[in-house]
Amino acid sequence: MKTKLITRTGYNKLKEEHDYLWNEQRPEVTKIVTWAASLGDRSENADYQYNKRLLRQIDRRIRFLRKFLPEVTIVDYSPQQEGKVFFGAWVEIENEAGEVKKFRIVGPEEIYGEEKDYISIDSPMARALLKKEVDDEVQVKTPEGYKEWFINSIEYEKE
């Protein structure tokens, strides 16, 4: 079961995606499908087939967003979070080998897209880090066994 939390930034991006698909892309593709259908034989009409498939993908995404957006809880920054790892935190961690990673803990729907440094709140790493503080040592269960990480910094975006 996926966590139904989202950052304000993530919510706004998904809302913008919905509005773009519904108000701009869908009407455009619908025009092309209508035009291509008017040319006659649809079985060998590549424009028609491609854009009809694209229209189905757009409609599927719009349905998903319309169902998903009202169900999620937007988590905004709160001063009580300072000093500990909670949802929405940017965390920098380091292992004994000196390998450093920095990422933001976000909702499962936010990890797809151009943000490569986001991890899901449902991931083992995020679960292990929750409620920890700077300089804490964290054991994270991985397929190769437990790995040890130290928390270097915790920051929040004050949106």
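Keep in mind the model is a prediction, meaning the values are calculated, not measured.

Quick notes on unusual backbone geometry
Positioned with a positive phi, K131 is a non-glycine residue whose angle comes to about 70 degrees. If you trace the backbone, K131 turns up in the loop between α3 (124-129) and β6 (137-142). Of note, D135 is a non-glycine position whose phi angle comes to about 75 degrees, a positive value. Relative to the elements of secondary structure, D135 occurs in the loop between α3 and β6.

Observations concerning a nonpolar patch on the surface
On the surface, I32, W35 and L39 cluster together into a nonpolar patch covering about 300 Å² of accessible area. Structurally, W35 can be placed in helix α1 (residues 8-37).

A look at the pattern of salt bridges
Inspection of every chain in the model, using the stated rule, returns 12 salt bridges. Note that E155 is salt-bridged to K102, the shortest N-O span being 3.5 Å. Taken together, the residues E155 in strand β7 (residues 145-156) and K102 in strand β4 (residues 100-106) connect sequence positions 53 residues apart. Among the residues examined, K102 registers a relative accessible area of 39% and is labelled partly exposed. Where R104 meets E157, a salt bridge forms, and the shortest distance between an N and an O atom there is 3.4 Å. Taken together, the residues span a long stretch of sequence, with R104 in strand β4 and E157 in the segment after β7 at a distance of 53 residues. The class of E157 is partly exposed, set by a relative accessible area of 30%. When salt bridges that share partners are traced, they join K4, K67 and E71 into one network.

Digging into the UniProt feature "domain: Transcription elongation factor GreA/GreB N-terminal" (unreviewed entry) in the protein chain
In the UniProt entry, the feature "domain: Transcription elongation factor GreA/GreB N-terminal" (unreviewed entry) is given for residues 5-74. Within residues 5-74, the helical portion is 80% and the strand portion 7%, while the C-alpha atoms at the span's ends are 6 Å from each other.

A closer look at the sheet that holds β4
Pairing is mixed in the open sheet, where five strands are placed in the order β5-β4-β3-β7-β6. Two strands bound the open sheet, and with one partner strand each, they are β5 (118-120) and β6. Each strand of the sheet is rotated relative to its neighbour by a mean of 45 degrees, with strand direction disregarded. Bridge analysis of β4 against β5 gives three bridges, and the strand direction is parallel. Within the sheet, the bridge partner assigned to V106 lies in β5 and is S120.

The rules behind the values
The written sequence of each chain sets the order in which its residues are numbered from 1. Only residues with pLDDT of 70 or above have their local features reported here, since the model is predicted, and side-chain atom pairs are shown and tallied only from 80 upward, although totals for entire chains, interfaces and linings are computed over all residues. The side-chain figures draw on all heavy atoms in the structure; neither hydrogens nor water molecules are used. We count a stretch as a helix when DSSP gives it H or I for four or more residues in a row; a strand needs E for two or more, and each element gets its number in order from the N terminus. Only residues whose relative accessible area exceeds 30% and that form no salt bridge are eligible for patches; like-charged ones are grouped when within 9 Å, while nonpolar side chains (Val, Leu, Ile, Met, Phe, Trp, Tyr) are grouped when within 5 Å. The Shrake-Rupley method, run with a 1.4 Å probe sphere, supplies the accessible areas, and residue values consider only the shown protein chains as cover. In the sections that follow, a salt bridge refers to a side-chain nitrogen of Lys or Arg positioned within 4 Å of a carboxyl oxygen of Asp or Glu. Residue burial is assigned from relative accessible area. The probe radius is 1.4 Å, only protein chains are included, and a residue is buried under 20% of its type maximum, exposed over 50%, and partly exposed in between. UniProt positions are given in the numbering used here, feature names are shortened, and annotations may be inferred rather than shown by experiment. In this scheme, strands are said to pair when DSSP sees at least two bridges between them. Interaxial angle, 0 to 180 degrees, is taken between N-to-C directions of lines fitted to C-alpha atoms, where a helix line uses only the stretch in contact.

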